[in-house]
Every structure is written in C-alpha cells, then in structure tokens.
Amino acid sequence: IDKMEKRRRHQNITAPSCWDDWVVWSGRNKNDWQRDEMAPKADGLEKQPSQLEFLNFETRVLSSSKNGMTSHEKTRIQALRYERVGLPADVLEEVTLELPAPGPGEVLVAMRCAAIHYSDLGLINGTYGKTRTLPAVAGREGVGEVVALGSGVSNFKLGARVRMPEAAGVWREAVVAKAAELSPIPAGLADEQAAMAFINPPTAWRMLHDFVKLERGDWLVQNAGTSAVAVLVTQMARHLGLNCISV
C-alpha cells in the first residue's frame, strides 16, 4: 500500500478514500499483522478491524529442494475456503487441503503474493458475479512460482513465476495446474504489481478500445473515478493522448 501511495503521489494522482486493492504477502505471520490507516474498509469489516487477521495466514515455502518434494509426492497445504456465502470474517476458514502430485503436463505452483479485490469480498458475500460452487477457495488474482514439474512439461522451469489460476481460487499456499493454461510473469514486473495485472488493467484497456474509436484529443467521462479501473483508465488515456474527466 505504501508503494501504491508513493506512486500515486509521484504521478500526481488523487488517492481514493478507500483502496480498491490490497496485497496479501505469503510468508507473513498473522500475529504480525498491523492494520494500515490507508487499508480499505470493506463492508462489514470497518467496524471489526481485529477480524482483518483472517486475510493473513502464514504460508510455508514450498520448494522441491528445501522440502525434498518430488513430482511423485502429495502436498498438504493451507487455504482460505468458505462453505457458505456471507461476510468474509464470518465464513472464511483456514483449512488443510491435500494436493495430488502434478501429473503429465501439470506443474505445482506455490503462491508468492495475491491481491485482495473488492470483487473477491463480493464473491464471498454472494453479491458479485456468479457464485462459485461451494465449498470454494477465495481469491481471484495472484502470482505463484513453479516448484515441481510433471512429466512432459517443457514450457516452464522450476522457479518460473506465473499467474495463479483463478478458477481454483488463489488464497491458498499452492495449486496443481496444467502448464499449458498458465501465463508467465515478465521478469521486470514486481510481484505486487503482477498480482494485480490480469483483471483491472485489461478491463481498463478494453473500455478504451472495444466500444468507441477514440482519437487523440477526444474527451471521455467516467464515474467511480477513484476505483482501480478508473485510475488505470486515466493513466492509459493520458498515454493515448485522451482527455479524461473522472467523477
């Protein structure tokens, strides 16, 4: 959040009153969690700051070299899962899941960093989009590291960073996924940026390109002007030579 604030100030962008995205890092003990005054105040949580701890759980590093894992072993992981919709603080539970060994064409991906969007909280609440089949692991977007390879995988090596697959839920220590369906993370992109790069930025780009042909010098007006998508629209519009009014 501090990095986001500094970047916004450097670019002379007004920060929203409530942040649209948090970043939860793996490897942080929940006892060390400190609520930041700039942290978002999602519905149902602003009056119960102590319950924000559920968003942080300690992630053990999954490494084929450190833990002696091979592609023939099963892996036990922790995940944040819900069996009914409701307030995240009420329905999210830390559970232990057992992952199969990666099969042919599959990889084991360990979570490095995951975003927490308002849409994540809406899915848990049952108020956003299509409700997932329950029980469901929460989270839509994150960055993981390939830590074990199934047979026949040639497009990724151990240590490669990839987008965590959304369908399985991202708030988990690791996931087994088909290598062919994973997107690589560019080497120069930091984890905290990559963890928020696959949903809101493409949405903003398509808003500017899919509906009306905009020419340099044109004006556009958007509401929800301090949302993550709107801030991205403003930045992209400037890059494209467009004028933007955000309400």
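Structure first, text after, so check above.
Keep in mind it's a predicted model, so treat the numbers as computed, not measured.

Conventions and cut-offs
- Residues numbered from 1 in each chain as written.
- Predicted model: local features only at pLDDT ≥ 70, side-chain atom pairs only at ≥ 80, totals over all residues.
- Heavy atoms only, no water.
- Helix = DSSP H or I, 4+ residues; strand = E, 2+ residues; numbered from the N terminus.
- Contact = heavy atoms within 4.5 Å.
- Core = buried A, V, L, I, M, F, W, Y, C linked by side-chain atoms within 4.5 Å.
- Buried < 20%, exposed > 50% of the residue type's maximum accessible area, 1.4 Å probe, protein only.
- Salt bridge = Lys/Arg side-chain N within 4 Å of Asp/Glu carboxyl O.
- Patch = residues over 30% accessible without salt bridge, like charges linked within 9 Å, V, L, I, M, F, W, Y side chains within 5 Å.
- Areas by Shrake-Rupley, 256 points an atom, 1.4 Å probe, with all protein chains shown as cover.
- Arc of directions from axis to C-beta.
- Polar contact = N/O pair within 3.5 Å; in protein donor to acceptor, adjacent residues only side chain to side chain.
- Pairing = 2+ DSSP bridges.
- Right-handed = clockwise from strand over helix to strand, strands pointing away.

### So, the environment of Gly-86
Then, in step 1: Relative to the assigned elements, Gly-86 resides in the loop between β2 (75-82) and α2 (88-91).
Then, in step 2: Sequence-wise, Gly-86 and Asn-125 are 39 residues apart; in three dimensions their C-alpha atoms are separated by 4.3 Å.
Then, in step 3: Excluding residues within four positions of it along the chain, Gly-86 makes contact with Val-91, Ile-124 and Asn-125.

### Things to note about the nonpolar core
Then, in step 1: One finds Tyr-82, Leu-92, Val-107, Val-109, Ile-124, Trp-171 and Leu-182 to be the most contacted residues of the largest nonpolar core, which totals 25 residues.
Then, in step 2: Put simply, the parts of the chain that give this core at least two residues each are β2, β4 (106-117), α3 (118-125) and β8 (174-178).
Then, in step 3: Among the elements that make up this core, the one with the highest residue count is β4 (five residues).
Then, in step 4: Excluding residues within four positions of it along the chain, Val-109 makes contact with Gly-144, Glu-145, Val-146, Val-162, Met-164, Glu-173, Ala-174, Val-175 and Leu-182.
Then, in step 5: Ranked by size, the runner-up nonpolar core spans twelve residues in total, among them Ile-77, Val-137, Val-147 and Ala-174.

### Topic: the pattern of salt bridges
Side chains bearing opposite charge may pair, as long as their charged atoms lie close to each other.
Then, in step 1: Under the defined criterion, the tally for this structure stands at nine salt bridges.
Then, in step 2: Arg-112 is the salt-bridge partner of Glu-145, the closest N and O atoms lying 2.9 Å from each other. Remark: Arg-112 occurs in strand β4 and Glu-145 occurs in strand β6 (residues 142-149); sequence separation between them is 33 residues.
Then, in step 3: On the basis of relative accessible area, Glu-145 is assigned to the partly exposed category, the value being 25%.
Then, in step 4: A salt bridge links Arg-140 to Glu-166, with the shortest nitrogen-to-oxygen separation between them at 3.0 Å. In this pair, Arg-140 sits in the loop between β5 (136-137) and β6 while Glu-166 sits in the loop between β7 (161-163) and β8, placing the two residues 26 residues apart along the sequence.
Then, in step 5: A residue is classified by how much of its surface remains accessible, and Arg-140, at 12% relative accessible area, is buried.
Then, in step 6: Judged by its relative accessible area of 27%, Glu-166 is partly exposed.
Then, in step 7: Salt bridges linked by common partners bring Arg-112, Glu-145, Arg-161 and Asp-191 together as one network.

### Quick notes on a nonpolar patch on the surface
Then, in step 1: Residues Trp-219, Val-221, Ile-245 and Val-247 make up a contiguous nonpolar surface patch of roughly 460 Å² in combined accessible area.
Then, in step 2: On the accessibility criterion, Trp-219 (59% relative accessible area) is exposed.

### Brief notes about helix α5 (residues 200-209)
Then, in step 1: Among the residues of α5, Asn-200, Pro-201, Ala-204 and Leu-208 are the ones counted as buried. Mapping the buried residues of α5 onto a view down its axis gives an arc of 105 degrees, with all of them on the same face.

### Here's the deal with the environment of Leu-214
Then, in step 1: Within the fold, Leu-214 resides in the loop between α5 and β9 (219-222).
Then, in step 2: Separated by 27 residues in the primary sequence, Leu-214 and Gly-241 have C-alpha atoms spaced 9.7 Å apart.
Then, in step 3: Discounting residues that sit within four places of it in the chain, Leu-214 has contacts with Leu-208, Leu-220 and Leu-242.

### Quick look at the side chain of Arg-161
Then, in step 1: When you line up the elements, Arg-161 lands in strand β7.
Then, in step 2: Among the polar contacts listed, one links the side chain of Arg-161 to the backbone oxygen of Pro-186, at a separation of 2.8 Å.
Then, in step 3: Every residue in contact with Arg-161, bar those within four places of it in the chain, is listed here: Arg-112, Val-143, Gly-144, Glu-145, Ser-183, Pro-184, Ile-185, Pro-186, Ala-187, Leu-189, Ala-190 and Asp-191.

### Brief notes about the pairing of strand β10 (residues 243-246)
Working note: regular strand, side chains alternate between the two faces of the sheet.
Then, in step 1: One ladder, built from four bridges, connects β9 with β10; its direction is parallel. Within the sheet, the bridge partner assigned to Gln-222 lies in β10 and is Ser-246.
Then, in step 2: Traced from β9 through helix α6 (residues 228-239) to β10, the parallel crossover comes out right-handed.

### What to know about unusual backbone geometry
Then, in step 1: Looking along the chain, the bond that leaves Leu-134 and enters Pro-135 is cis, with omega of -5 degrees.
Then, in step 2: Checked against the element boundaries, Pro-135 lands in the loop between α3 and β5.
Then, in step 3: The phi torsion at Ala-224 lies on the positive side, around 50 degrees, for a residue other than glycine.
Then, in step 4: Within the secondary structure, Ala-224 is located in the loop between β9 and α6.

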